[in-house]
Amino acid sequence: MPKIIDAKVIVTSPGRNFVTLKIITEDGVYGLGDATLNGRELSVASYLQDHVVPCLIGRDAHRIEDIWQYLYKGAYWRRGPVTMSAIAAVDTALWDIKGKLAGLPVYQLLGGASRESVMVYGHANGASIEDTVAVALDYQRQGYKAIRIQCGVPGMASTYGVSKDKYFYEPADADLPTENVWNTSKYLRVVPELFKAAREALGWDVHLLHDIHHRLTPIEAGRLGKDMEQYRPFWLEDATPAENQEAFKLIRQHTTTPLAVGEIFNSIHDCRELIENQLIDYIRATVVHAGGISHLRKIANLADLYQVRTGCHGATDLSPVCMAAALHFDLSVPNFGVQEYMRHTPETDAVFPHAYTFADGAMHPGEAPGLGVDIDEDLAAQYEYNRAFLPVNRLEDGTMFNW
Ligand code: GCO
Ligand code: MG
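Residues numbered from 1 in each chain as written. Chains lettered and ligands numbered in written order. Predicted model: local features only at pLDDT ≥ 70, side-chain atom pairs only at ≥ 80, totals over all residues. Heavy atoms only, no water.

Trainee: For this particular structure, what's the right way to read the coordination of the magnesium ion (ligand 2)?
Mentor: Six octahedrally arranged donors around a metal ideally form angles of 90 or 180 degrees; four tetrahedrally arranged donors ideally form angles of 109.5 degrees. Within the protein, the atoms that donate to the magnesium ion (ligand 2) are D211 (OD), E237 (OE) and E263 (OE), at distances of 1.9 to 2.2 Å. Mapped onto the sequence, the donors of the magnesium ion (ligand 2) take the spacing D-x25-E-x25-E. Separated by 52 residues along the polypeptide, D211 in strand β7 (residues 207-211) and E263 in the loop between β9 (259-261) and α9 (272-276) bring together distant segments of the chain. The exposure class of E263 is buried, given its relative accessible area of 10%. (Donors = N, O, S within 2.8 Å, 3.2 Å for Na, K, Ca; no water. Helix = DSSP H or I, 4+ residues; strand = E, 2+ residues; numbered from the N terminus. Buried < 20%, exposed > 50% of the residue type's maximum accessible area, 1.4 Å probe, protein only.)

Trainee: Would you explain the domain arrangement of the protein chain in this entry?
Mentor: Frequently, the measure chosen for interface size is the accessible area removed from exposure when the parts meet. Along its sequence, the protein chain is carved into domain 1 (4-105) and domain 2 (109-368). A straight line from the C-alpha centre of domain 1 to that of domain 2 covers 26 Å. Facing the 32 residues of domain 1 at the interface are 35 residues of domain 2. Approximately 2,500 Å² of surface area, both sides summed, lies buried where domain 1 meets domain 2, with 61% of it carried by carbon and sulfur atoms. By the criterion of area lost to domain 2, the three top residues of domain 1 are D34, W95 and P105, representing 24% of everything that side buries. (Domains from an automatic or database assignment. Contact = heavy atoms within 4.5 Å. Buried area = accessible area lost by both parts, 1.4 Å probe.)

Trainee: Is there a simple way to explain the side chain of D270 in this structure?
Mentor: For D270, the location among the structural elements is in the loop between β9 and α9. A distance of 3.1 Å separates a polar atom in the side chain of D270 from a polar atom in the side chain of R79. With residues near it in sequence (within four places) discarded, D270 still touches R79, Q245 and F265. (Polar contact = N/O pair within 3.5 Å; in protein donor to acceptor, adjacent residues only side chain to side chain.)

Trainee: Explain the packing of helix α1 (residues 41-56) against helix α3 (residues 81-102) to me, please; I cannot follow it from the model alone.
Mentor: Helices that pack against each other are described as a pair by the angle of their axes relative to one another and the distance between those axes. At a minimum axis distance of 9 Å, the contact between α1 and α3 shows a crossing angle of 55°. By the angle between their axes, α1 is oblique relative to α3. α1 and α3 meet at a crossing whose hand is right-handed. Judged by residue contacts, S43, V44, Y47, L48, V52 and L56 of α1 engage V82, T83, S85, A86 and V90 from α3. Split by residue class, the contact of α1 with α3 holds eight nonpolar, three polar and no charged. (Axes fitted to C-alpha atoms, helices over the stretch in contact; angles between N-to-C directions. Parallel < 35°, antiparallel > 145°, perpendicular 65-115°, else oblique. Left-handed = near helix turned anticlockwise from the far one by under 90°. Nonpolar A, V, L, I, M, F, W, Y, C, P; charged D, E, K, R; others polar.)

Trainee: What exactly am I supposed to notice about the pattern of salt bridges here?
Mentor: Think of it this way: side chains of opposite charge can pair up when their charged atoms draw near. All chains considered together, the criterion is met by 19 salt bridges. Between E377 and K8 there is a salt bridge; the shortest N-O distance is 2.8 Å. Of this pair, E377 sits in helix α13 (residues 377-381) while K8 sits in strand β1 (residues 4-12), and the two are 369 residues apart along the sequence. Look at K8 and you get partly exposed, because its relative accessible area is 34%. Among the salt bridges present, the one from K186 reaches E396, with a minimum N-O distance of 3.1 Å. One end of the pair, K186, is in helix α6 (residues 184-202); the other, E396, is in the loop between β15 (392-395) and β16 (400-401), with 210 residues separating them in the sequence. With relative accessibility at 46%, the residue E396 sits in the partly exposed group. (Salt bridge = Lys/Arg side-chain N within 4 Å of Asp/Glu carboxyl O.)

Pasting the structure below:
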């Protein structure tokens with residue numbers, strides 16, 4: 001058996017913080033797993049270091065499911081983003097090892113390719129509608145078939161999804177949380193205008209997406225969805241906070257605009273009712289925050305029964321290790337929808353050399369055995385952890401709101 005003899009938790013910050021688990025077996029084969037939880041990186045690093053790594057030593061690296069169950073059921077304290085990100089890192093690293101030992105890319109172990117490549121969506125953002133449309137046109141020229149569009153809201157100093165750098169959006173931007181201000185009615189006016197302008201400039205062949213980032217009530221989301229139907233969005237994402245899964249019933253009653261949710265979910269129980277009641281069209285849970293490839297497959301299998309497709313989260317806080325794992329998963333699942341792809345900075349790409357590629361608006365994980373991604377530990381050691389928080393959000397009268 002490939003016996004696990006060591007596991008290292010590597011924290012590095014090549015432009016942003018990443019936590020990576022490296023599991024090493026007796027014969028020197030190793031696997032990588034992403035454990036990055038944006039703004040809470042060191043909590044997962046400590047959970048891994050203090051509670052998970054000691055339990056891995058001496059185990060058979062081939063027994064992925066058994067180790068998953070051991071870490072999930074054995075902790076007694078189930079679910080939660082810290083625990084599930086740690087379990088995800090172990091699971092991902094073990095799939096990487098299994099692929100390397102088999103001499104096969106992970107997607108082959110998952111049943112093989114269900115498609116030639118996976119469609120990704122890029123992010124176009126700008127302070128104004130015109131700026132965003134100009135960036136979206138650029139994405140279209142680069143071959144993207146799906147583009148997420150976000151723009152500034154007139155009368156508001158900042159908003160989710162809009163950054164100074166139009167090509168790299170990074171919300172975790174300060175040593176203590178930045179305070180943003182929010183006004184729902186101003187926002188609700190601008191989004192349909194943005195889509196109108198984007199359809200006029202980009203035409204109807206490109207998929208257009210939008211992220212509400214949990215900021216509407218169900219009835220407000222129903223209204224926006226209705227206003228947007230004429231522009232045929234691919235999806236509206238995170239329309240309302242989803243702790244109450246039933247909230248989506250109200251949105252559904254009012255609009256046929258497709259709905260996506262799930263980037264902050266960490267377990268199948270967070271989306272079971274959403275899926276079984278067909279309240280959503282795309283499930284956005286991803287490898288690192290939802291218990292790894294093994295658990296995400298269970299979510300995707302449930303979703304497949306209800307014609308819900310996958311749309312994995314793929315922001316820059318998900319490391320190239322997670323990106324690679326997501327691409328193997330995407331290539332294999334029958335009910336794939338789309339994959340989010342925010343390019344990493346060149347510094348991040350240098351720390352994590354990878355086999356995955358982008359061409360014509362789609363990506364492929366490559367044919368390297370395992371995940372096809374590595375970590376340059378010497379380079380990683382040059383980038384020290386740098387505390388960075390996600391922003392918080394208040395209404396104009398100072399009331400604390402959802403970011
Ligand atoms: C997205 C997300 C991100 C998150 C970020 C938080 O759709 O890509 O909403 O922008 O805010 O990943 O860590
Ligand atoms: Mg989002």
